[in-house]
Amino acid sequence: MDSNKVLVKIYGQEYVISGDSTREQIMQVADFVDSKMREVERALGAAPISKLAVLTALNMVDELFTAKKTVERLEELNREVMKECEHYNQLWEEAKSNYIQYKENAQSGVEKMEKLQEMFNSKAIEINQISQQKSEVEKKLAELSEEHQNLLESIKTQKENNEDTKDTIKEWEAKCKELENSFFDLQMENIKLKGEVDRYKRIVE
């Protein structure tokens, strides 16, 4: 890049400034130096230009150092902010991961609940069927009990009315015995069914 030569005026004196910067930037720098020298003049009063130039340079360097410290503080603050951002980004990623895991666990819980509900419905149907069978057995037991009672009363009546019908009575007694055996078998089946109902109820609960 070709150097630019710019004629500028600083504190009433003209200078030719040569540099790689643009003309506008060179003129802005010259105007800045001029304004700083005039600030020093207003604060100090009349003084040789060399002294004004030195004091202006000192003031400008002091401002430069102050600006550098400010930049360093801002850079340090920026590093801290970036570090905190990285920390919060990590927390955010962990939160997303935890949320995904939560959704997976929730879905698994729903599936398990559905399976349990299916098992419950199936067992409820089985219990209902067993309860119906139990009711039928109890009904048969009641009928047999009534028939057995009727036979006993008939035997008693026969014994009272006719002492000569022992053979008939023996037949009735044999039949009564068979009914008693059937009654016993049905009672055992009823006990078994009750046990099945209780077992299924415990499984469902």
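Heads up: the structure comes first, above all this text.
The structure contained in this document is the topic of the report that follows.

Analysis parameters
- Residues numbered from 1 in each chain as written.
- Predicted model: local features only at pLDDT ≥ 70, side-chain atom pairs only at ≥ 80, totals over all residues.
- Heavy atoms only, no water.
- Patch = residues over 30% accessible without salt bridge, like charges linked within 9 Å, V, L, I, M, F, W, Y side chains within 5 Å.
- Areas by Shrake-Rupley, 256 points an atom, 1.4 Å probe, with all protein chains shown as cover.
- Salt bridge = Lys/Arg side-chain N within 4 Å of Asp/Glu carboxyl O.
- Helix = DSSP H or I, 4+ residues; strand = E, 2+ residues; numbered from the N terminus.
- Contact = heavy atoms within 4.5 Å.
- Core = buried A, V, L, I, M, F, W, Y, C linked by side-chain atoms within 4.5 Å.
- Buried < 20%, exposed > 50% of the residue type's maximum accessible area, 1.4 Å probe, protein only.

1. Quick notes on a nonpolar patch on the surface
On the surface, Tyr15, Ile17 and Ile49 cluster together into a nonpolar patch covering about 220 Å² of accessible area. Among the structural elements, Ile17 can be located in strand β2 (residues 13-19).

2. What to know about the side chain of Lys36
Inspection of the secondary structure puts Lys36 in helix α1 (residues 23-44). Apart from residues lying up to four places away in sequence, Lys36 is in contact with Thr56, Met60 and Glu63.

3. Quick word on the nonpolar core
Generally speaking, nonpolar side chains in soluble globular proteins are found buried as a group. Formed by Val6, Val8, Ile10, Tyr11, Ile26, Ala30, Val33, Met37, Val40 and Leu52, the largest nonpolar core amounts to 10 residues. Those elements that provide at least two residues to this core are β1 (4-10) and α1. Among the elements that make up this core, the one with the highest residue count is α1 (5 residues). When neighbours within four sequence positions are excluded, Ala30 is seen to be in contact with Val8 and Ile10.

4. Details of the pattern of salt bridges
Going through the model one piece at a time under the given rule, you end up with 7 salt bridges. With a shortest N-O distance of 3.8 Å, Lys36 and Glu39 are connected by a salt bridge. Here the residue Lys36 and the residue Glu39 both occupy positions in helix α1, the gap between them amounting to 3 residues, near one helical turn. When its relative accessible area of 13% is taken as the criterion, Lys36 is described as buried. By relative accessible area, which is 39% here, Glu39 ends up partly exposed. As a salt-bridge pair, Lys96 and Glu93 come within 3.5 Å of each other at their nearest N and O atoms. A residue pair is termed a helical-turn pair when its members lie 3 or 4 positions apart in one helix, as Lys96 and Glu93 do in helix α2 (residues 49-161) at 3 residues. Lys96 gets classed as partly exposed once you look at its relative accessible area, which sits at 34%. Assessed through its relative accessible area of 45%, Glu93 is described here as partly exposed. Bridged by salt links that share partners, the residues Lys36, Glu39 and Glu63 form one connected network.

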